[in-house]
Amino acid sequence: MTGVKSYAAVDLGASSGRVMVGRAGPDTLELSEAHRFPNRPVRLPEGLRWDVLGLYAGVLDGLRRAGALGGGRLDSVGIDSWAVDYGLLDADGALLGNPVHYRDDRTEGVAEKVWATVPAAELYAATGLQYAPFNTLYQLTAARATARLAQARRLLLVPDLLTYWLTGEQGTELTNASTTQLIDPRTRDWAHGVADRLGIDLGLFAPLRQPGDAAGELRPEVLEETGLTGPVPVTAVGSHDTASAVAAVPAVRERFAYICTGTWSLVGLELDAPVLTEESRAANFTNELGLDGTVRYLRNIMGLWLLQECVRAWGEPDLGGLLLDAAKVPALRSVVDAGDAAFLAPGRMPERIAGACRASGQPVPHSPAEVTRCILDSLALAHRRAVQDAQRLAGREVDVVHVVGGGTRNALLCQLTADACGLPVVAGPTEAAALGNVLVQARADGLVGDLGGMRDLLTRTQPLTRYEPRGGTARWRAAQARLAGS
């Protein structure tokens, strides 16, 4: 394998999007930012919606700048984003309205209606997916009587929708499809029995694609608008951003757990087969699909969304100073359940956290530093519980916890996670989703090998920080028991 090529990784998060340029080869892995743009949901009279046209414009701007960095040439483009949300197309391929945001309230009470037809235990045994009120299955059930769904002839998950606009080709990438609650993780194909019982037409979905599959080429109009020299192939990557991030965990031979940190914390293990037990369902673990036949066995935790919402409520103070002040606040004074659905909706987050502490009889945090310390202690405690539960439920012990994603910049959270878990934490890379995206494109070009080869390249090229646990775990056990009893 020789040579180095340039790839554009479109990486869309819940609060911003980026177009990154990756240079990859057998001994090279470099990443630079071409363009960053906001992702601002819009509250319309009918509910909370994504501004998907604004996102597409940001992607085009990013590809134009990415091409300028590479002399007008890119070797491939890949797109990853958040999960579960989708756009509907009519018979002419036109978008039927802005995609609904997963935090919209239209799915309230819908799960119970689904379970009346397919009981929760049966649904988990068939799909292995955790309960989350915004799963695509519940969104489709909520939309069943709408004129828009009746008019739809195609459903494309967000990264597949943007790929379609870039190429004119339609497909459904598997790692993201596995978040819909309509995939059987054993067969890695659609769960036809579940869909039939719930009256969901799987014909709405485009054919499944695997990470690394060709997804088309940039349309002539896109080449003209971006100034790129064609042909430019588009490659299906792990289009669920967590799938790309887990692919970029720099672990070669270790027995590891991972935490993908950002707006959410996704905490779990990489397995060869799903865990579909009733105990696993009760613990709300999910079995999502990853690269090379792997299963992402994980629990969703609210993540740094809690802090992001507080910072927004406080008028965007300096985060570095806030974290320094939080480090001086006594540890584990107050903790909340970071996975509580009460924290899912935006708005008034400091007051809601204070109210949860008050209701559980704990000291109420008042200052921004106290609230921040409460959030970070609570996240570390949730990480501890998830790592412990994943090991127990999967029968797999781990020696180290890898933290990837935006939370790697938060040294206090990384250290608290090491303390809580009683395990070393290796933090990095920060841009894990974009790096995983680039590596799948490079692998499709034959420049890197299998998943192990991708990770070996990461360990050789990316800066990593190691945090050793401090002080034993007794106080964390006590806090965990206190929270469980509140």
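Since this is a predicted model, take the numbers as computed values, not measurements.

A.B. asks: Got a minute to help me understand the sheet that holds strand β17 (residues 286-289) in this structure?
C.D. replies: In a beta sheet, neighbouring strands are held together by backbone hydrogen bonds and run either parallel or antiparallel to one another. Spatially, β17-β18-β16-β15-β19-β20-β21 is the arrangement adopted by the seven strands of the open sheet, whose pairing is mixed. Every interior strand has two partners, whereas the edge strands, β17 and β21 (465-467), have only one. Averaged over all pairs of adjacent strands, the angle between their axes in this sheet comes to 30°, without regard to strand direction.

A.B. asks: Could you clarify how one ought to interpret the side chain of Thr226 in this entry?
C.D. replies: For Thr226, the position within the fold is in helix α9 (residues 220-226). Overall, the relative accessible area of 4% leaves Thr226 in the buried class.

A.B. asks: Looking at this structure, how should I read helix α16 (residues 411-421)?
C.D. replies: In an α-helix, one turn spans 3.6 residues; hence positions three or four apart end up facing the same way. Burial runs high along α16: 10 of the 11 residues are buried. Directly after α16, the chain includes Gly422, whose backbone phi takes a positive value near 65°.

A.B. asks: Could you clarify how one ought to interpret the nonpolar core in this entry?
C.D. replies: One recurring pattern in soluble globular proteins is that nonpolar side chains are buried together. The biggest cluster of nonpolar side chains holds 167 residues, and the ones touching the most others in it are Leu63, Leu137, Leu182 and Ile353. Top element by residues in this core is helix α15 (residues 368-394). It accounts for 12 residues. The contact partners of Ile353, leaving out residues within four places of it in the chain, are Cys310, Val336, Phe343, Val371, Cys374 and Ile375.

A.B. asks: Got a minute to help me understand the side chain of Thr263 in this structure?
C.D. replies: Summarising the element assignment, Thr263 is placed in the loop between β15 (256-261) and β16 (265-271). For Thr263, the residues in contact, after removing those within four places along its chain, are Ala14, Arg103, Met302, Gly303, Leu304, Trp305 and Gln308.

A.B. asks: Looking at this structure, I do not really get the pairing of β17. What am I missing?
C.D. replies: The side chains of a regular strand alternate, residue by residue, between the two faces of the sheet. Side chains Thr286 and Glu288 of β17 all project onto a buried face; the interleaved residues Asn287 and Leu289 project onto the opposite face, where all are buried too. Bridge count for β17 against strand β18 (residues 295-301) is four bridges, and the pairing is antiparallel. Residue pairing across strands places Glu288 opposite Arg296, the latter belonging to β18. With antiparallel pairing between neighbouring strands as the criterion, β17 and β18 make up a hairpin whose turn holds five residues, including Asp292 at a positive phi of roughly 55°.

A.B. asks: What exactly am I supposed to notice about the packing of helix α12 (residues 305-313) against α15 here?
C.D. replies: Helix-helix packing is described using two parameters, namely the angle between the two axes and the distance between the axes. Taken N-terminus to C-terminus, the directions of α12 and α15 make an angle of 165°; their axes are 9 Å apart at the nearest point. Overall, the two elements α12 and α15 adopt an arrangement that is roughly antiparallel. Once α12 is placed against α15, the crossing between them reads as right-handed. Between α12, through Leu306, Leu307 and Cys310, and α15, the contact on the second element is made entirely by Val371, Thr372 and Ile375. Here the contact of α12 with α15 is built from residues that sort into five nonpolar, one polar and no charged.

A.B. asks: Help me understand the pattern of salt bridges in this model?
C.D. replies: Oppositely charged side chains can pair when the atoms bearing their charge come close. Within this structure, the stated rule accounts for 27 salt bridges. Its salt-bridge partner being Glu278, residue Arg281 comes within 2.5 Å of it at the nearest N-O pair. Here Arg281 pairs with Glu278, and both are found in helix α11 (residues 278-282), just three residues apart, close to one helical turn. Taken together, the shared-partner salt bridges in this structure form one network comprising Asp11, Arg18, Glu33, Arg36, Arg409 and Glu431.

Cut-off values and rules
- Residues numbered from 1 in each chain as written.
- Predicted model: local features only at pLDDT ≥ 70, side-chain atom pairs only at ≥ 80, totals over all residues.
- Heavy atoms only, no water.
- Pairing = 2+ DSSP bridges.
- Helix = DSSP H or I, 4+ residues; strand = E, 2+ residues; numbered from the N terminus.
- Axes fitted to C-alpha atoms, helices over the stretch in contact; angles between N-to-C directions.
- Buried < 20%, exposed > 50% of the residue type's maximum accessible area, 1.4 Å probe, protein only.
- Core = buried A, V, L, I, M, F, W, Y, C linked by side-chain atoms within 4.5 Å.
- Contact = heavy atoms within 4.5 Å.
- Parallel < 35°, antiparallel > 145°, perpendicular 65-115°, else oblique.
- Left-handed = near helix turned anticlockwise from the far one by under 90°.
- Nonpolar A, V, L, I, M, F, W, Y, C, P; charged D, E, K, R; others polar.
- Salt bridge = Lys/Arg side-chain N within 4 Å of Asp/Glu carboxyl O.

These results come straight from atomic positions and should not be treated as a statement about function.
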